[in-house]
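Reading the structure
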Amino acid sequence: MRDFLRKYQRRLLLFLAVFGPATITAMADNDASGVATYSIAGAQLGYPILFVLLLITVLLGITQEMGIRLALVTRKGLGDLIRENYGMKVSLFIFTCLFIANMGTIIVDLAAVKVTSQMLNFPAVPTMIIVMLITFFFVIKGNYKLNQNIMLVSCLFYLAYIFSAFKAQPNWSLAITNLGIPHGVKFTSGYFRNYILIGLGVLGTTVTPWGQFFISSFAFDKKIEVERLKYSQFETYWGAFLTDFFSFFMIVATAATLYIHHISLVSGEQAALAIKPFAGNLAGTLFALGILNAGFMGIITVSLSTAYAFSEFFGLSGSLDTTFTKSRTFYLIFILQLIGAAVIVLLPNVSLFGLVIATQALNAMMLPFIFYYLLKLTNDTTVMGTKINNAFQRNFGMISVIIISIASLLALAFAFIH
Amino acid sequence: MLFFSELIGKQVYSEDQHALGILRDIRFINAETPRVTKIVVDRNSHLFEIPIDALRQINSHVAIKKSPGMPRPNKNELSARKRLLDKQIIDLVGNKVVRVNDIILQDIPFPSLSGIDIGFSGILRRLGVERTVQNIAHMFHLTIPIQLLSWGDVLTLELKDGQIQLKQHEERLSKIREEDLADYLEMTNTKNVRTFLKTLDTHKAAQVFENLALHYQVDLFQHFDPKRSAELAQRIDPDEAVDILLALDRQHRDKIMRLLSTKKQQEIHQLMTFSRTPVGKRMTSEFFTIESHMTVAEIMKAVKRDTTDFSWLQAIYVLNVDDQLVGVFNPHELLLQSSDTPAYKFMIPEPIVVLLTTPIEVVMYKLFKYRLSGLPVVNRDKKMLGVITVDDVSPLLLKKVL
């Protein structure tokens, strides 16, 4: 018995040593724009959207695992590998798309900070500026470890959603059975159209292009050895489960209140206000706090992922463990992107709702490209050696690329018809 | 000088105009001198190699000898595209510095890689928009810096691991120095030099130009329009400008001279007049002066700082506040003094001087009479113009002895 415990203690320690990148990437997928999308999904579609969530969780786990395996085996980030194997034009194209999509995501996250702080009766603009300053300080002055720990602590705030969901007194059996098969609503053509559109939004906010770059760069920055690959792989699956575990409660919270009472949402932040009458003031406030925290998490991870990707594509030094002077470009991109986003958020005439949709559409449409290169690289023995994809990963990946491409096109078509 | 990205994708023809395919890659020997050994041609997605000896010409397309012969396998060969292009450059301690944006090739004395383009212009060239962006930048009076890295700075052994390691620490790696760039350019023909200098802004071009050998400079002045030549002449060392201008025919020279600023015209004119007297023609402008109040320690520092490019330092000349020559001493005398002694305490005052108009025979007489290795040349105001050394008059002396 003692030996048994010791064995598991050792394994647990090893796991904790690699713990971080995958969980953070996965949890940051539930950034403010993520929360907004889940809330809208729950409010408009009710429990049946949970079915999509389960599929997305599997996809997230598999793709994140590929990303981290790629980084640990090659000791390079996804950006490095794309530039080295596919050249300048592809690199510049992908970076440009990533930059635009990330900019959109950061704007949405910052806007969420602004709006929710208003709801919580904090002064909006100062709160936004303070959050940004804190971010600058930690990223520039702090090292990898500090940043990781801040984000891990930040993950705890997601517990707020579980509380909100319970306060909403949902129909648990309906929620859980919908994970297996969508049922319990009238499937009209309008519902179906929304299902595709919002489903793609849920996909675009959970499985993200920046997440693919971020996980490889962040794992590389943590300097995890390839011998620890098994533990990191486990962490990716755990992270994928955890993030969608929380997403589940976000959807349930809005489905049980807003969908049931036919209150439609136009923005995610409204959810915090809208659920108050049904779930109580505390639940609403917690929901708002959760969004605030999600915005904070999002602006750090998404801005970092742009900075990482740029450094990798153009071969510059870029690590949280280096000084400002040494990785100047890396930090400057991080800062400039945040400041740019803040300026746009403060402009009075920007439609944030339109921006959320546009950003997620762009994210989702970029996914097939990113997956294409991710799959090509992880299927390539000259890159991966013996650690190439197995048959399941290969096929599942390929089928996902095709399905996402079709769904993207459908969504685009619907958006125009709409 | 040719860039890899300009070569790739060119059509390859045999001398009798048979299309062979598209050039995809080159192979080179991973060594101190990275010779190019083969080109890789793509014919309907089938790759084959052609030895570099068969290469006849590169212009809008690549021309190959009629029967190119079989390429010999070589295990030290690397593919430029797979092993060099886009790869990460790291410094000695493993810091990431930049990526290989393009590769510089040269064909003289034999086809080889001469360096790596690590700059923004390399990125633009790869995207095929270098010219366009440069033209736009010119409109706003901006220039896109060219950042090249000499092959000599690269640790060739490290190429195989997919990273390129530098021989030095990141901080010391500045942009390529003008002298090195000039060296590169001299390896190629003047036509390439001309096109390359065109891409640089005038300041940088002047710096590079100044470091070129005289016959290149003369050749360039003959080909540039007078305005461009004047711009360069304005910026380079007047001595050099005189050398170049004197090598040109009179008409061409006058055209350039007229375009210079009045001050520069006077300066150059004066130097050209010097060159008409026997002393002026032979004297060198390489001399080192200090002020009389400087201490030994300060002088040593100045010597270390300012005379690194001197061929030799035979004497240190002392000037007063009006820049008049007041004394001289040699480096040996300097070494004998304690470090806080000022120059006027130990210098030899009232040195022997000559004027520009002094007959060369008198100069030789003075050199031997006083057993000096060199004499300062001054004007009527006792301002120093140059130095005439035994070396400078030795050809004349030789003639007299024989």
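Let me begin by describing the structure that accompanies this report. Source: prediction; values computed, not measured. (Residues numbered from 1 in each chain as written. Chains lettered and ligands numbered in written order. Predicted model: local features only at pLDDT ≥ 70, side-chain atom pairs only at ≥ 80, totals over all residues. Heavy atoms only, no water.)

**Observations regarding the overall build of chain A**
For chain A, the count of helices and strands is 19 helices and 0 strands. A fraction of 85% describes how many contacts in chain A between residues 6 or more apart in sequence connect residues 24 or more apart. Summed over its atoms, the accessible surface of chain A is roughly 16,900 Å², and 71% of this surface lies on carbon and sulfur atoms. (Helix = DSSP H or I, 4+ residues; strand = E, 2+ residues; numbered from the N terminus. Contact = heavy atoms within 4.5 Å. Areas by Shrake-Rupley, 256 points an atom, 1.4 Å probe, with all protein chains shown as cover.)

**So, the sheet that holds strand β21 (residues 374-378) of chain B**
Residues and elements named next belong to chain B. Strand order in this open sheet of 3 strands is β20-β21-β22, and the pairing throughout is mixed. Two strands close off the open sheet at either side, each with one partner strand: β20 (354-355) and β22 (384-389). Examined bridge by bridge, β20 and β21 share 2 bridges and lie parallel to one another. From the neighbouring strand, Val 354 faces β21, where its bridge partner is Val 377. (Pairing = 2+ DSSP bridges.)

**Side note on unusual backbone geometry**
All names here are of chain B. Not every positive phi belongs to a glycine, and Asp 323 is a case in point at roughly 65°. Counting through the fold element by element, Asp 323 comes out in the loop between β17 (316-319) and β18 (325-329). The backbone of Glu 350 shows a phi angle near 50°, a positive value even though the residue is not glycine. Here Glu 350 is to be found in the loop between β19 (348-349) and β20. Judged by its relative accessible area of 62%, Glu 350 is exposed. (Buried < 20%, exposed > 50% of the residue type's maximum accessible area, 1.4 Å probe, protein only.)

**Digging into the pattern of salt bridges**
Residues and elements named next belong to chain B. Applying the stated criterion to the full structure yields 17 salt bridges over all chains. Of the charged contacts, one joins Arg 24 and Asp 42 as a salt bridge, the two residues approaching to 2.8 Å between their closest N and O atoms. Remark: Asp 42 occurs in strand β4 (residues 36-43) and Arg 24 occurs in strand β3 (residues 19-29); sequence separation between them is 18 residues. For Arg 24, a relative accessible area of 30% corresponds to the partly exposed category. (Salt bridge = Lys/Arg side-chain N within 4 Å of Asp/Glu carboxyl O.)

**Re the environment of A:Ser91**
Residues and elements named next belong to chain A. Within the secondary structure, Ser 91 is located in helix α5 (residues 78-119). Accessibility expressed as a relative area gives 1% for Ser 91, which makes it buried. Residue contacts for Ser 91: discarding those within four places in its chain leaves Ile 82, Arg 83 and Phe 313.

**Section: helix α3 (residues 32-45) of chain A**
Turn by turn, an α-helix covers 3.6 residues, leaving residues three or four places apart pointing in a common direction. For α3(A), which comprises 14 residues, the first-to-last C-alpha distance of 20 Å matches the rise-based estimate of 20 Å (1.5 Å per residue) to within 8%. Count one or two residues on from α3(A) and you reach A:Gly46, which has phi positive near 70°. (Expected span 1.5 Å × (residues − 1).)

**Brief notes about the packing of helix α11 (residues 250-258) of chain B against helix α12 (residues 262-274) of chain B**
Residue and element names in this part refer to chain B. For the pair α11 and α12, the least separation of the axes is 10 Å and the interaxial angle reads 145°. In contact with Arg 253, Met 257 and Arg 258 of α11, α12 contributes Gln 265, Ile 268, His 269 and Met 272. A breakdown of the residues in the contact of α11 with α12 according to their chemical character gives 3 nonpolar, 2 polar and 2 charged. (Axes fitted to C-alpha atoms, helices over the stretch in contact; angles between N-to-C directions. Nonpolar A, V, L, I, M, F, W, Y, C, P; charged D, E, K, R; others polar.)

**Observations concerning the side chain of A:Asn389**
Residue and element names in this part refer to chain A. Note that Asn 389 resides in the loop between α18 (381-384) and α19 (391-417). Judged by its relative accessible area of 3%, Asn 389 falls in the buried class. Of the polar contacts made by the side chain of Asn 389, one reaches the side chain of Arg 69; its length is 2.6 Å. At a separation of 2.9 Å, a polar atom in the side chain of Asn 389 contacts the side chain of Thr 378. Residues in contact with Asn 389, not counting those within four places in the same chain, are Met 66, Arg 69, Leu 375, Thr 378, Asn 379 and Arg 394. (Polar contact = N/O pair within 3.5 Å; in protein donor to acceptor, adjacent residues only side chain to side chain.)

**Comments concerning the packing of α5(A) against helix α3 (residues 120-127) of chain B**
A packed helix pair is summarised by two numbers, namely the angle formed by the two axes and the spacing between the axes. Contact pair α5(A) / α3(B): the axes reach a minimum separation of 9 Å and the direction vectors enclose 85°. As the angle between them shows, α5(A) and α3(B) are arranged roughly perpendicular. Mapping the contact onto sequence places A:Arg83, A:Gly87, A:Met88, A:Lys89 and A:Leu92 in α5(A) and B:Ile123, B:Arg126 and B:Leu127 in α3(B). The residue makeup of the contact of α5(A) with α3(B), split by class, is 4 nonpolar, 1 polar and 3 charged. (Parallel < 35°, antiparallel > 145°, perpendicular 65-115°, else oblique.)

**Some remarks on the interface of chain A and chain B**
Each partner contributes residues to the interface: chain A has 14 residues there, and chain B has 14 residues. The junction of chain A with chain B conceals about 1,400 Å² of combined surface from both sides, 51% of it contributed by carbon and sulfur atoms. Put simply, chain A and chain B have 3 salt bridges between them. Between B:Asp86 and A:Arg83 there is a salt bridge, with its nearest N and O atoms 2.5 Å apart. Where chain A touches chain B, the interface holds 7 residue pairs in polar contact (both at pLDDT 80 or more). Secondary structure elements with two or more residues in the side of chain A that touches chain B: α5 and α15 (281-313) of chain A. (Buried area = accessible area lost by both parts, 1.4 Å probe.)

**So, the environment of B:Arg371**
Mapping B:Arg371 onto the fold places it in the loop between α17 (360-369) and β21. Considering only alpha carbons, one finds B:Arg371 and B:Val390, 19 residues apart in sequence, at a separation of 9.9 Å.

**What about the packing of aromatic side chains?**
With the rule as written, the count across this model stands at 26 aromatic pairs over all chains. Plain terms: the ring middles of A:Phe245 and A:Phe249 are 5.0 Å apart, the flat faces sit at 80° to each other, and that makes the pair edge-to-face. In this pair, A:Phe245 and A:Phe249 are both assigned in helix α12 (residues 229-259), 4 residues apart and thus about one turn of the helix distant. Given the relative accessible area of 6%, A:Phe249 is considered buried. Feature note: the residues A:Phe166, A:Trp172, A:Trp238, A:Phe241, A:Phe245, A:Phe246, A:Phe248 and A:Phe249 constitute an aromatic cluster, connected by ring pairs. Directly above the aromatic system of B:Phe224 lies the positively charged group of B:Arg228, at a separation of 5.6 Å from the ring centroid. (Phe/Tyr/Trp six-rings, centres within 6.5 Å; stacked < 30°, edge-to-face > 60°. Lys NZ or Arg CZ within 6 Å of the ring centre and 35° of its normal.)

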